[in-house]
Amino acid sequence: MAVTDKVGAVMVVGGGISGLQSALDLADSGYKVYLVEKLPSIGGVMAQLDKTFPTNDCAMCIMAPKLVAAGRHHNIQLITNADIAIVDGQAGNFTVTVRQRAFRVDPTKCTGCGSCAQKCPVETADEYNEGSKVRKAIFVRYPQAVPLVYSIDPEKCIGCGICSEECKAKAVEYDQKEKVFEIQVGSIIVSPGFEEFNARLKPEYGYGVYKNVVTSIEFERMLSATGPYFGAVLRPSDGDIPEKIAFIQCVGSRDEHCGNEYCSSVCCMYSVKEAIIAKEHGGSIKPSIFYMDLRAFGKEFDEYYNRAKNEYGIRFVRSRIAAVSEDPKTRNLILKYTDNGEPKEEVFNLVVLAVGLTPAADAETLSRVMKFRLNDDGFCQTGVFTPVETSRPGVFVSGAFSSPKDIPMTVAEASGAAAKAGTEITSARGTLVTKKEYPKEKDVAGQEARIGVFVCHCGINIGGVVNVPEVMEYAKTLPGVVYAEQNLYTCSQDAQERIKGKVEEHKLNRVVVASCTPRTHEPLFQNTIKEAGLNAYLFEMANIRDQCSWIHMHEPKAATKKAKDLVRMAIAKSRLLEPLENLTIKVNQQALVIGGGVTGMTAAIELARQGVRVHLVEKEKELGGNLRKLHYLPSGDDPMEHVKRLEGEVRAEKNVTVHLGTTAKNIEGYVGNFKTTLSDGKEIEHGVVILAIGGQEHKPEGEYLYGKNKDVKTLLEFKEMLKKGEAKGKSYVFVQCVGSREGDHPNCSRVCCTGTMTAATKVKDKDPQADVYVLFRDIRTYGFREKYYKEAAQKGVRFVRFDDERKPVVEDKGGKLEVKVTEEDTGKQLVLRPDYLVLASGTRPQHDAEELAPMLKVPMTKEGFFLEAHMKLRPVDFATEGVYLAGLAHGPKFVDESISQALATVSRAMTVLSKTTLEAEGIVASVDESLCDGCGICVPTCEYKALEIVAHKDDPKKKMVDVNVGLCKGCGACVGACPAGALTQKGFRDEQILAMIDAALEQSKKQEVK
Amino acid sequence: MAEASQAQWEPKIIGFLCNWCSYAGADLCGVSRYQYPTNVRAVRVMCSTRISPHLVLDILKAGADGVLLGGCHIGDCHYISGNYYTEKRVRLMKRLLEESGVEPERLRLEWVSASEGEKFSKIVTDFTEQVRKLGPSKVKKDEKLRSRVAAADDASETFRLKALVGRELNLVNKGNVYNNKLDPAELDRIIDSATEEEFERSLILELSMSKPRSVKELGEIMEVPTDKVLRHIVALRQKNMIAMEHPEGFTPTYKTIVIGGEQ
């Protein structure tokens, strides 16, 4: 192979939520993925979290499906416990040397049963629980770990040999050595995440000295049901429930003494969340949050903050804590702070330090090995227009490695980096992925059930409690069962071969496995019977481990009886199983992008470079959108230059057709098969839609004399004046949060604080003598933007905090403006007479959102932005497949964030457009036409918009429901709603469910005889 | 009266003697007519290694004032290495006795060969005097002490301690699975800390068996810092051995989970 040849594989370094998202996107769009993780299992920090803001979703519940998907994906190879040693080559063709530390357990043999860890006599602190629980020297990081392979901690193992003796699968290999190997990839994505700030570096807070001072991540584990106290909030010193908890913000952030001047972006919100959850755990808990500025800048974050204050009664105190001391008798903590200038002392039972985010521990090593630059703070350097690119071509970055950020932004960047990585090697797409071939399916229609039952010992996990031979013998007596056997591990490779052999030998047409949970193992066995020529849906599982032997360890007789019941139920259902078809849907490989701003143009260009024909629809007469109006970016980059560059690229891309002065009049269809009519009458067929319709600056008519006095301007208007050199004056006042965080717009507009810093600094740069005041509620210059705040302050911009109850008052005194404001901290009134009053007014949605939403059947927020499928993990998807959103249409955000989201939609879209057909679910809803009277009750129950009322097939005067199997996800919501009994769900039909219930309630005579 | 009963009191001592050396030595002692106090009731076992910590602790609970273990000299064991294990186990037993508050001097391990009749008599005499000086064992009468001994007993039965002590010799002498010989001092340190932990955990379970107890209450009874008690409770809850009761006020209490046996 020539050196210039592109390699159709990507290496993703770091297996947190970021790396997972990149890997899944790429593997689903035709690339081979190597996911390299330094720990023995993937999952990262998100796997440690209890809940996530602002929806309070359980982190593990929403993450586990992605973990399992990555673990099972045939195009993803997990390389855990490994580091990157050398990177050679160039973009499109890298040779990466990987060093994988020894697990001392053979991953191909380990079944993850955990017998070894149960018997290991060495206990040590459990890192996953921040040391608050114990683990063994042979361990998995957490119960749901992927891959579920135990590994031996070389530091702690004393080499006693017990685990090897316990392991019935003979997986323990003490002499396993470190492996060093080379991998060829075309692109690399680095997403190693972050480290928590070491709280010991702030000795004034007493962390590590006072038992009842904990870090936020320790507190997070405390809140978790899998944490040390099983979800109770207790004091580490004595196990009491703390009544008063203090959260101290900005520990290791916004603090030049410890060298971290940046804001960590996420701590305010996670503290609010932790306070809410703590409160939910025990109503008597009284949390107080001590903060400088409460930075709730994300989508619907302020509403969450308001709920914390008003509904949960969480106390917020604006003050930086100077020091914490301990009462040695009670172990209570005494906080010293100033409140409105008054020195105060207050006693708390527990103190939580909101520790900041610092660069990944291996940031420097990675930058050296991979040859990309870090920024001054030690994070990966990126640019405002290149948010997912490192300084080395072909090496991309996502997540908290480039700046402290929350999960939704991380996930968007992860998809965005995947898009960039894919573009680099588009010509090699599909060259390294494998497609599994199965034998032709046997026709079992009309055959009597011939069921084979395989009962697993799971080493001693099941067999040590449940009498497996007895269960197996019992299974043989049940109707339809023609064969039963027991296995030491039914999931082992050799057992798969046995199952296939037995299907052949006994002409089995149903297979039942009684072992562990179908949630992890059903796909494995389904794959096995497919290899044996059976339809995957002719498989059923009985969970006699996780839900029997493991929970009735001391009642073997009762457990055995229960196992028999579970097996009888599975067999009863299996008799009624039928083969199901995964219908295929054709995919039109064109894309429609609505909106020609920076977001839409970025998406269109990237799609085009991946070989997709794109229609870019823009309602204005020119491309560029809001970016044309910004004039200045805080980084110093020129927005106009970027608009021109993008415009040129769009024009040069022959795959992009631009429709200016045009809107979408009508959109019909579903994923892979959309048909759109444009306002000029043109019709377009396409497979996906990307909504990038942007937003607009709020015009606060009548407020603060806006529109009445010519010297009152919005921020964008003022920036234009600055650009044109029209702003001539000696005195300027900026007012923040105009039309944001109040009334019908309770949320923060995210960008105005930083935008104000840019404008205020520009004024000061031009005229250092100018008087510049910023009147604000909280300054929310999150992340590295903190430095613009600092710069403005250093240049003499004066900041005056006001209370939202006492907003500034503006009067026109004979054409001259007079602003009166009461300073929150001191209560003093200031009277200012500025030449210009600049209103940092909020970001509002575009009105076309209201027209597009019903056409595409996608939801909106109260404020009129589009509402994504999931606020945390699906930031650019809708529940409706094939429709994506990015940029200001999703909510207020900065240019770099819009670009990341634009790239993310490309990656998400490519998971559809890279294929010619999509495979639908097998367990879909189906309708009995003779029973359906078209009442439509089912239609709104479908989150995926798969149901539609159509004319009845037999009698066009009547109506009936039609199920679009391409959209149906197989939840069964509609079946439950149907009043006529016309809808049913394949694989979960009423008869099948009832058969299981009958079997469960049946008093088996054979059992009683025993 | 106390002095009178003290005067009438005679220590009750149980001796475990291995068939091949110490029992033979005791026989020789008889043959040679060496005299010694009548306080020891000897039980013959094939090897000293048969004696588990559980047996010893059980005997102390049952009211014995002292336990004497006799085995072959190191290197002489009829079963090659049984007495090495005995030695390690006795170290554990003494640590557990210490933890529980029973004088470790109530337990003695001695090597007596089949030819050391005289030595045997001296040992019995000396040990009986030692136990006499210690006075009657309070284990049976003192409820607090009895629960601590019971906890030591439970701790001795944990897989963790059994495994560590059971493997100790191989790890130190023959090397572990990586062919490294462990530093005995380092391994002792690991075992000692495991012993302390398992004892304290067993005591928590013992104390919380009949009634739910709070961390502070346990800390006070056990004389262990409360943060340590809480860490033990975390570990016990990981193993599903103790449960939190519904907290009233600000102090949760914990109750030992009594495992339901076969009905």
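Brief notes about the overall build of chain A
Alright, step 1. Within chain A, the secondary structure is distributed over 25 helices and 52 strands.
Alright, step 2. Against the 2.2 N^0.38 benchmark of 30 Å for 1010 residues, chain A shows a C-alpha radius of gyration of 31 Å, consistent with a compact globule.
Alright, step 3. Across its three principal axes, chain A shows a C-alpha extent of roughly 100 × 80 × 65 Å.
Alright, step 4. Partitioning the contacts of chain A with sequence separation of at least 6, the portion at a separation of at least 24 is 70%.
Alright, step 5. For chain A, the exposed surface amounts to about 39400 Å²; the carbon and sulfur share of it is 50%.
Alright, step 6. Each charge class in chain A was averaged separately, 131 positive and 135 negative side chains, and the resulting centres sit 1 Å apart.

Thoughts on the domain arrangement of chain B
Alright, step 1. What the domain assignment reports for chain B is domain 1 (10-134) and domain 2 (208-263).
Alright, step 2. Between the C-alpha centres of domain 1 of chain B and domain 2 of chain B the distance comes to 37 Å.

Quick word on the confidence of the model for chain B
All names here are of chain B.
Alright, step 1. In this model, chain B carries an average pLDDT of 88, and 95% of its residues clear a pLDDT of 70 or more.
Alright, step 2. Confidence, expressed as mean pLDDT per element, reaches its minimum in chain B at helix H1 (residues 2-8) with 55 and its maximum at strand E4 (residues 107-111) with 96.
Alright, step 3. Scoring of the predicted complex yields 0.89 for pTM and 0.77 for ipTM.

Some points on the interface of chain B and chain A
Alright, step 1. Listed per partner, the contact involves 37 residues of chain B and 37 residues of chain A.
Alright, step 2. Summed over both sides, the interface between chain B and chain A buries roughly 3100 Å², with carbon and sulfur atoms accounting for 61% of that surface.
Alright, step 3. Residues A:Glu123 and B:Lys239 are paired through a salt bridge, measuring 3.7 Å at the closest nitrogen-oxygen approach.
Alright, step 4. No other element matches helix H10 (residues 226-238) of chain B, which puts seven residues into the side of chain B that touches chain A.

Quick notes on the nonpolar core
Alright, step 1. One finds A:Ile138, A:Phe219, A:Leu335, A:Leu353, A:Val453 and A:Leu607 to be the most contacted residues of the largest nonpolar core, which totals 259 residues.
Alright, step 2. Looking at which domains feed residues into this core, each of domain 1 (10-134) and domain 2 (208-263) of chain B supplies at least three.
Alright, step 3. Non-local contacts of A:Ile138, meaning those with residues more than four positions away in its chain, are made with A:Val105, A:Cys116, A:Ala117, A:Cys120, A:Tyr150, A:Ser151, A:Ile152, A:Cys163 and A:Val172.
Alright, step 4. In terms of nonpolar packing, the next biggest core, distinct from the first, is built from 28 residues, A:Val7, A:Val13, A:Ile79 and A:Phe94 among them.

Structural notes on the pattern of salt bridges
All names here are of chain A.
Alright, step 1. Inspection of the entire model under this criterion finds 109 salt bridges over all chains.
Alright, step 2. With a shortest N-O distance of 3.7 Å, Lys813 and Glu818 are connected by a salt bridge.
Alright, step 3. Judged by relative accessible area, which is 45%, Lys813 ranks as partly exposed.
Alright, step 4. Residue classification places Glu818 among the buried residues on the basis of a relative accessible area of 6%.

A few points about the state of the cysteines
Alright, step 1. Summed over all chains, the structure comprises one disulfide over all chains.
Alright, step 2. Here B:Cys21 engages in a disulfide with B:Cys72; their sulfurs sit 2.2 Å apart. Around the S-S axis, the bridge from B:Cys21 to B:Cys72 shows a dihedral of about 95 degrees and counts as right-handed. Separated by 51 residues along the polypeptide, B:Cys21 in the loop between strand E1 (13-18) and helix H2 (22-31) and B:Cys72 in the loop between strand E3 (66-71) and helix H4 (82-100) bring together distant segments of the chain. As far as burial versus exposure is concerned, B:Cys21 and B:Cys72 are alike and both buried.
Alright, step 3. Between A:Cys380, a cysteine without a disulfide, and A:Cys263, which holds the nearest cysteine sulfur, the sulfur-to-sulfur distance is 19 Å.
Alright, step 4. A:Cys516 carries a free sulfur, and the closest cysteine sulfur to it, the one in A:Cys491, is 6.2 Å from it.
Alright, step 5. We classify A:Cys516 as buried; its relative accessible area is 7%.

Looking at the confidence of the model for chain A
Alright, step 1. Chain-level pLDDT for chain A is 94 on average; 99% of the residues reach the 70-or-more range.
Alright, step 2. A low-confidence stretch, residues 1004-1010 of chain A stays under pLDDT 50, and its non-local contacts, those more than four residues away or across chains, total 12 contacts.

A closer look at a nonpolar patch on the surface
Alright, step 1. Together, A:Phe988, A:Ile993, A:Leu994, A:Ile997 and A:Leu1001 make up an exposed nonpolar region whose accessible area comes to about 470 Å².
Alright, step 2. Relative to the assigned elements, A:Leu994 resides in helix H24 (residues 990-1001).

Structural notes on the side chain of A:Ser224
All names here are of chain A.
Alright, step 1. If you trace the backbone, Ser224 turns up in the loop between helix H5 (216-223) and strand E16 (244-251).
Alright, step 2. In this structure the side chain of Ser224 is engaged in a polar contact, spanning 3.0 Å, whose partner is the side chain of Thr226.
Alright, step 3. Excluding anything up to four places from it in sequence, Ser224 contacts Asp50, Phe230 and Gly231.

The rules behind the values
- Note that residues are indexed from 1 along each chain, following the sequence as it is written.
- To read the labels, note that chains go from A and ligands from 1, taken in the order they are written.
- In keeping with the predicted nature of the model, local features appear solely for residues at pLDDT of at least 70, side-chain atom pairs appear and are counted solely at 80 or more, and the whole-chain, interface and lining totals rest on all residues.
- The side-chain quantities take in all heavy atoms of the structure and omit both hydrogens and water.
- Working definition: helices are DSSP H or I runs of at least four residues, strands are E runs of at least two. Numbering for both runs from the N terminus.
- Put simply, the radius of gyration uses C-alpha atoms, and a globule should come to 2.2 Å times the residue count raised to 0.38.
- Contacts: residue pairs with any heavy atoms within 4.5 Å of one another.
- The method behind every accessible area is Shrake-Rupley, applied with a 1.4 Å probe, and residues are considered shielded solely by the protein chains displayed.
- In summary, the charge assignment counts Lys and Arg as positive and Asp and Glu as negative, without counting His or the chain termini.
- A charged residue contributes its charge at one atom only: NZ of Lys, CZ of Arg, CG of Asp or CD of Glu.
- These domain boundaries are the output of an automatic or database domain assignment.
- Summary of the metric used: pLDDT quantifies the predictor's per-residue confidence within the range 0 to 100.
- Summed over both partners, the accessible area lost on bringing two parts together, with a 1.4 Å probe, is the buried area.
- By convention in these notes, a salt bridge is any Lys or Arg side-chain nitrogen within 4 Å of a carboxyl oxygen on Asp or Glu.
- Side-chain atoms within 4.5 Å link the members of a nonpolar core, which is a set of buried Ala, Val, Leu, Ile, Met, Phe, Trp, Tyr and Cys residues.
- The buried label applies to any residue whose accessible area, calculated with a 1.4 Å probe on protein chains only, is under 20% of its type's maximum; exposed applies above 50%, and partly exposed to all values in between.
- When two cysteine sulfur atoms are found within 2.5 Å, that pair is recorded as a disulfide.
- Residues form patches when they are more than 30% accessible in relative terms and have no salt bridge. Like charges link within 9 Å. Nonpolar side chains (Val, Leu, Ile, Met, Phe, Trp, Tyr) link within 5 Å.
- N or O atoms within 3.5 Å of each other form a polar contact, as long as, within protein, one can give a hydrogen and the other can take it, and as long as residues adjacent in sequence are counted only when both atoms are side-chain atoms.

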